[in-house]
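What follows is each chain in one-letter form.
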Amino acid sequence: MAAQSLTAIDGTPHVLNEYELRQVCAIAAWKGEKPGMTKRLANQVAGSLGKLSGKLIPDAPVQAAMNALNKAAGQIARDDSIFKDKRLRLTDMRSLDDIAAQPLEFCDALADRIIADASRIALGMGAATGAGGPVSTAVGIPALLFGALRVIHEVSQAYGYAAHGEADRHTMIGILALSLAATPEQKARALECHRRQIETSLINQAMEESANKALQRAVLGAELGALIPGFNIAFNAYLNRQFVSRAGVAAKRVFQERWLRERGKVAWIAPI
């Protein structure tokens, strides 16, 4: 099957090529994906400390820290231009508009390289912070969050997008919340916030709140890992890589859907 016609929200049929159709299926599957056993167990541990985390990490400082990290990650992503990529240097592309004009398959390949590079860096950082014990691990938490937000910003560029305004910056935090959702219910709430933002073009406070709670769980998880003698190096390396990789994959799926939507090929893709 080379192509298939889908009906957009306005009732107009749009044609997807075979590759785009596979990605629509992948996006729907990602939205409906349930967390694995490891993630569920981690969520149970963090959940038992949920009330305590709310007292230890008030919402206002968390929000301020997230906003600062998000702003810095966006700036670094812009400064460390995506056009340094070897594949792009061999082309005539010089702007994000040039990238946006490419087929989805090209953008996906670029995003996959960004995610792979970021995951390798995160693995090394996790091992380094784990080797330093609890204090070093705590210091590494902001770096981990920064790395996740940075890969989200960089992946957005792979599809020709960049965070210019306040709404775009909130989208990046919302993607982080999506990547950290540890239960089907959490993911459903984060997806609904994301959908409302798409459909209304308004910044939804619930998205920020979801990201704040996800950050609290991440902080607790990293601290717990640092308390396991002789195991924290491997645990932190694994945690960092998975953390950044999940953020990158979430960004890829979100911006794939946006790419398809803006070209009139799909409306909202429902989870399966």
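Think of each chain on its own: its residues are numbered from 1, step by step along the sequence as written. With the structure being a predicted model, the display of local features is reserved for residues of pLDDT at least 70 and the display and counting of side-chain atom pairs for 80 or more, all residues being used for whole-chain, interface and lining totals. Side-chain calculation: all heavy atoms of the structure are included, whereas hydrogens and water are not.

## What about the overall build of the chain?
Under the convention used in this document: Numbering of helices and strands runs from the N terminus; a helix is a DSSP stretch of H or I covering at least four residues, while a strand is a stretch of E covering at least two. Residue exposure (1.4 Å probe, protein chains only): buried if accessible area is under 20% of the type maximum, exposed if over 50%, otherwise partly exposed. Contact between two residues is taken to exist if any of their heavy atoms lie within 4.5 Å; hydrogens are not considered. Throughout, the Shrake-Rupley method with a 1.4 Å probe supplies accessible areas, and for residues the shown protein chains are the sole cover considered.
Across its full length, the chain carries 12 helices and two strands. In the chain, the succession of α and β elements from N to C terminus is β-β-α-α-α-α-α-α-α-α-α-α-α-α. Among the 272 residues that make up the chain, the fraction classed as buried is 44%. Residue pairs at least 24 apart in sequence account for 75% of intrachain contacts in the chain once pairs closer than 6 positions are excluded. In the form shown here, the chain has an accessible surface area of approximately 13200 Å², with 60% of it arising from carbon and sulfur atoms.

## Let's talk about the side chain of Asp108
Worth spelling out the cut-off: Positive: Lys, Arg. Negative: Asp, Glu. His and the chain ends are not part of the count. A pair is scored as a salt bridge if a Lys or Arg side-chain nitrogen falls within 4 Å of a carboxyl oxygen belonging to Asp or Glu. A 3.5 Å cut-off defines polar contacts: any pair of N or O atoms within that distance qualifies, except that in protein one atom must be a possible hydrogen donor and the other a possible acceptor, and neighbouring residues in sequence count only when both atoms are side-chain atoms.
As for its placement among the helices and strands, Asp108 is situated in helix H7 (residues 104–131). Buried charge without a partner: Asp108 forms no salt bridge, and the closest opposite charge is Lys252, 5.1 Å away. A polar atom in the side chain of Asp108 sits 2.9 Å from the side chain of Gln256. Residues in contact with Asp108, not counting those within four places in the same chain, are Tyr19, Gln23, Tyr159, Lys252 and Gln256.

## Some remarks on helix H9 (residues 166–180)
Each α-helix winds once per 3.6 residues, and so residues spaced three or four apart point in a common direction. Inclusion rule: Working rule for helices: expected span equals 1.5 Å times residues minus one.
Taking 1.5 Å per residue, 15 residues should reach 21 Å; H9 reaches 22 Å between its end C-alpha atoms and fits that length. For H9, the buried fraction is high: 11 of the 15 residues fall into the buried class. Within H9, the full set of buried residues consists of His170, Thr171, Met172, Ile173, Gly174, Ile175, Leu176, Ala177, Leu178, Ser179 and Leu180.

## Observations regarding the side chain of Gln23
Along the polypeptide, Gln23 turns up in helix H1 (residues 18–32). Overall, the relative accessible area of 11% leaves Gln23 in the buried class. A polar contact of 3.0 Å, which involves the side chain of Gln23, links it to the side chain of Gln256. Contacts of Gln23, omitting those with residues within four sequence positions, involve Leu104, Asp108, Arg253 and Gln256.

## A closer look at the pattern of salt bridges
One pass over the full model with this rule turns up 10 salt bridges. Here Glu257 ties to Lys31 by a salt bridge, and the two come within 3.0 Å at their closest N and O atoms. With a gap of 226 residues between them, Glu257 in helix H12 (residues 232–262) and Lys31 in helix H1 connect regions that are remote in the sequence. Here Glu257 matches Lys31 in class, with each residue buried. Residues participating in the shared-partner salt-bridge network are Asp80, Lys84, Arg150 and Glu154.

## A closer look at H1
A rise of 1.5 Å per residue sets the reference length of H1, with its 15 residues, at 21 Å; its end C-alpha atoms lie 22 Å apart and thus fit the reference within 8%. Among the residues of H1, Tyr19, Glu20, Leu21, Gln23, Val24, Ile27, Ala28, Trp30 and Lys31 are the ones counted as buried. For H1, the N-terminal cap is Asn17; the gap from its side-chain oxygen to the backbone nitrogen of Tyr19 is 3.1 Å.

## Section: the packing of aromatic side chains
For clarity, the cut-off: Centres within 6.5 Å are what make two rings of Phe, Tyr or Trp a pair, Trp counting through its six-membered ring; a difference in plane orientation under 30 degrees is then read as stacked, over 60 as edge-to-face, and the rest as tilted. Here, over-ring charges are defined by two tests on the NZ atom of lysine or the CZ atom of arginine: distance to the ring centre within 6 Å, and angle to the ring normal within 35 degrees.
Using the criterion set out here, one finds one aromatic pair in the structure. Positioned above the aromatic ring of Trp268 is the side chain of Lys31, whose terminal nitrogen or guanidinium carbon lies 3.2 Å from the ring centre. When the ring centre of Tyr161 is taken as origin, the NZ or CZ atom of Arg258, which lies over that ring, is 4.0 Å away.

## Re the environment of Leu21
Inspection of the secondary structure assignment puts Leu21 in helix H1. Relative accessible area serves as the criterion here: at 12%, Leu21 is assigned to the buried category. The sequence separation of Leu21 and Lys265 amounts to 244 residues, and the corresponding C-alpha distance is 9.8 Å.

## Some remarks on the environment of Ile173
With respect to the element layout, Ile173 can be found in helix H9. Classification of Ile173 by relative accessible area gives buried; the value is 4%. For Ile173 and Leu149, which are 24 residues apart along the polypeptide, the C-alpha to C-alpha distance reads 7.5 Å.

## Topic: the confidence of the model for the chain
This is how it is decided: pLDDT measures the predictor's confidence residue by residue and takes values from 0 up to 100.
Summary statistics for the chain give a mean pLDDT of 76 and a share of 65% for residues scoring 70 or more. Low pLDDT, under 50, characterises residues 1–13; the stretch is placed with 28 contacts to residues that sit more than four places away or in other chains. Across residues 45–53, where pLDDT falls below 50, the model places six contacts with residues more than four positions away in sequence or in other chains.

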